[in-house]
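# Observations on the three-dimensional arrangement
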Amino acid sequence: MDTKDLTAWIREFAGLVAQHKDELTALDSAIGDGDHGVNMDRGLTAVVAALEAEPPDSPSALFKKVGMTLISKVGGASGPLYGTAFLRMAAAADSVLDGAGFAKVLRSGLDGVVARGKAQPGDKTMVDALGPAVDALDAALASGAGTKAALQAAADAAEQGREATIPLVARKGRASYLGERSAGHPDPGATSVTLLMQAAASTLGS
Amino acid sequence: MKKLINDPATLIQDALHGIAAAHPQLRVDFENRVIVRGDAPVRGKVGLISGGGSGHEPLHGGFVGPGMLDAACAGEVFTSPVPDQMVAATQAVDGGAGVLHIVKNYTGDVMNFELAAEMVAADQGTEVVAVVIDDDVAVQDSLYTAGRRGVGATVLVEKIAGAAAEEGRPLAEVAEVARKVNTYARSMGLALTSCTVPAAGRPTFELPDDQMEVGIGIHGEPGRRRVPVAPANEIAEMLVSPILSDLDYTGGDGVIAFVNGMGATPLIELYLMFNEVTQLLAKNGIPVARSLVGPYITSLDMAGCSVTLLKADDELLRLWDAPVNTPALRRGV
């Protein structure tokens, strides 16, 4: 996968977030401050405009542009978390990525999210979808699956991880102030990560 | 929703124009949404910046001026500003002695200020120290949450650390003073009504007419419990006792007692509450050394109040008494 393919992934992610904006906001209204959908959509709209204005010439430049734009435009906690993920991915990306290369890049992104947010698995955060997705991608590639199939396995794992956040009590972010009352709702960040992985499965690999 | 606005989307920008028009001694960077002291950067003085979501006015922009903040970043309503704003503020106030970031303990605020400090370090090499304020005793299980929230103590930190910076003290000492205020201050708040975020258009939470929320956060975060509305003397007890059981206030030089309005509560009620608070403190043998009463860290149009008690010593009282000249706090000038 090259810069063009990866740009298509980001554009697809932006499209999915725009499509699910109200759903993300409703989830965030239940246990957070009700702005995840609006903030992510504002950030990704700016990302798409920035990529069109000045198409990046490498995966690294692409991820850096995405990360910087999200940091500048999203605000809240998702801006720094997604932004840091993409900046770490930029640092880890080669000029052309195969499945294993993409898995390495994605794991760097996960490491960035963990470093920035200090969340552990089970804290009811985006880590609970991104962690299983990265692990599933590695496992599928190691068992000899093609890139497309491996990305689908990753997207499925993200969705399962998101579902698994429903009964959890939040330990990070604004939802944590609710204590037990945060249980019974999926985490909005894990939900947007699921969209990111679905976009990867539908646009990347052949 | 009845509000004095044109459009929720232009609220922050419209209000910043009002601040610029009302206070020509301040500079407003409309692009970055940063309010800056007019004579910044002050050569040789540590710069103090803060910032956060809008809707808590006069915090933080109303506290920009000699003796307090050098700049304040305004985010969207109840949403942290982004690092670009904090970088712009840091650059605007860097007088060569370093810059202190005063950060309220909310996940978004902490991460955005962290990123800003990294960006400043990579770009200009300005020395930045961040102090995180977390004084809200309503958050009990801080191991399993994002930790105690930054509330009323933020106002006291900005005043007292601002005075230390004005004295020409170095960054490490100004940061130490700020941490000391945070260490010795505790707060507890109460809501009689919800606030309404303009973009949402409806109350953030439902609170029946005969109920109040004890331990409310400044964004309408849930408190410790919901109880029937009570007389002010009982409310004062509900706010003061969790503070006194969290920190030993005896044996110092008394307290700086701060009764804060949440936005929609009239001053007459805040003074009545202040009287109740001082009586409770007297009962506990704690003298009130200084006082602050008024809406200084608000939650839009929420009705209610919070109590902040800072255990004082000579140094803190001297810095508290130092001159300050900002839109919202002005004395000795």
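Residues numbered from 1 in each chain as written. Chains lettered and ligands numbered in written order. Predicted model: local features only at pLDDT ≥ 70, side-chain atom pairs only at ≥ 80, totals over all residues. Heavy atoms only, no water.

If you check an unreviewed UniProt entry, chain B appears there as Dihydroxyacetone kinase subunit DhaK from Paractinoplanes ovalisporus.

Named according to an unreviewed UniProt entry, chain A is Dihydroxyacetone kinase subunit L originating from Paractinoplanes ovalisporus.

## Observations concerning the pattern of salt bridges
Residues and elements named next belong to chain B. This structure, assessed with the given rule, holds 29 salt bridges over all chains. The salt bridge involving Asp246 is made with Arg186; its shortest N-O contact spans 2.6 Å. With a gap of 60 residues between them, Asp246 in the loop between helix H6 (232-244) and strand E10 (255-261) and Arg186 in strand E7 (residues 185-191) connect regions that are remote in the sequence. Looking at Arg186, the relative accessible area reads 14%, which means it is buried. One salt-bridge network, in which partners are shared between bridges, spans Glu167, Arg169, Glu173, Lys180, Asp313, Glu315 and Arg318. (Salt bridge = Lys/Arg side-chain N within 4 Å of Asp/Glu carboxyl O. Helix = DSSP H or I, 4+ residues; strand = E, 2+ residues; numbered from the N terminus. Buried < 20%, exposed > 50% of the residue type's maximum accessible area, 1.4 Å probe, protein only.)

## Some details on the layout of surface pockets
Its volume calculated, the largest pocket comes out at about 1,100 Å³. Forming the walls of the largest pocket are 38 residues, and the residues nearest its centre are Asp33 and Gly34 of chain A together with Val197, Ala200 and Thr204 of chain B. Listing elements by their share of the lining of the largest pocket, those giving two or more residues are helix H2 (21-31) and helix H3 (36-53) of chain A together with helix H1 (11-22) and strand E4 (71-77) of chain B. Looking at the lining of the largest pocket element by element, the count peaks at 4 residues for H2 of chain A. If you count residues domain by domain, the lining of the largest pocket takes at least three from each of domain 1 (9-183) and domain 2 (185-320) of chain B. Roughly 850 Å³ of internal volume is contained in the second largest pocket. In terms of residues, the lining of the second largest pocket owes the most to one element, helix H3 (residues 107-123) of chain B, which gives 6 residues. Residues belonging to the lining of the second largest pocket are distributed by class as follows: 16 nonpolar, 14 polar and 11 charged. (1 Å grid on protein atoms, 1.4 Å probe; cavity = no way out; pocket = protein on both sides within 12 Å on 5 of 7 lines; lining within 4 Å. Points joined across faces, edges and corners; volume = space filled by probe spheres on them. Domains from an automatic or database assignment. Nonpolar A, V, L, I, M, F, W, Y, C, P; charged D, E, K, R; others polar.)

## Describing the sheet that holds strand E8 (residues 211-214) of chain B
All names here are of chain B. Across the sheet, which stays open at both edges, the 6 strands sit in the order E9-E8-E7-E12-E10-E11 with mixed pairing between neighbours. One side of each edge strand has no neighbouring strand; the edge strands of this open sheet are strand E9 (225-228) and strand E11 (288-294). Averaged over all pairs of adjacent strands, the angle between strand axes in this sheet comes to 20 degrees, irrespective of strand direction. Where helix H4 (residues 153-166) meets the sheet, it contacts E7, E10, E11 and strand E12 (304-311), and its direction lies at approximately 45 degrees from that of E12. (Pairing = 2+ DSSP bridges. Axes fitted to C-alpha atoms, helices over the stretch in contact; angles between N-to-C directions. Contact = heavy atoms within 4.5 Å.)

## Topic: the interface of chain B and chain A
Contacts between the two partners involve 26 residues from chain B and, on the opposite side, 23 residues from chain A. Taken over both partners, the interface formed by chain B and chain A buries close to 1,900 Å², and the fraction arising from carbon and sulfur atoms is 56%. Looking only at chain B, the three residues that lose the most surface to chain A are Met111, Leu115 and Tyr144 of chain B, adding up to 26% of its buried area. Close ionic contact of Glu114 of chain B with Arg116 of chain A constitutes a salt bridge, the shortest N to O distance being 3.0 Å. Scanning the region where chain B abuts chain A turns up 8 residue pairs in polar contact (both at pLDDT 80 or more). At the level of secondary structure, the elements contributing two or more residues to the side of chain B that touches chain A comprise helix H2 (83-93) and H3 of chain B. Ranked by residue count, the leading element in the side of chain B that touches chain A is H3 of chain B, at 8 residues. Broken down by class, the residue content of the side of chain B that touches chain A amounts to 11 nonpolar, 10 polar and 5 charged. (Buried area = accessible area lost by both parts, 1.4 Å probe. Polar contact = N/O pair within 3.5 Å; in protein donor to acceptor, adjacent residues only side chain to side chain.)

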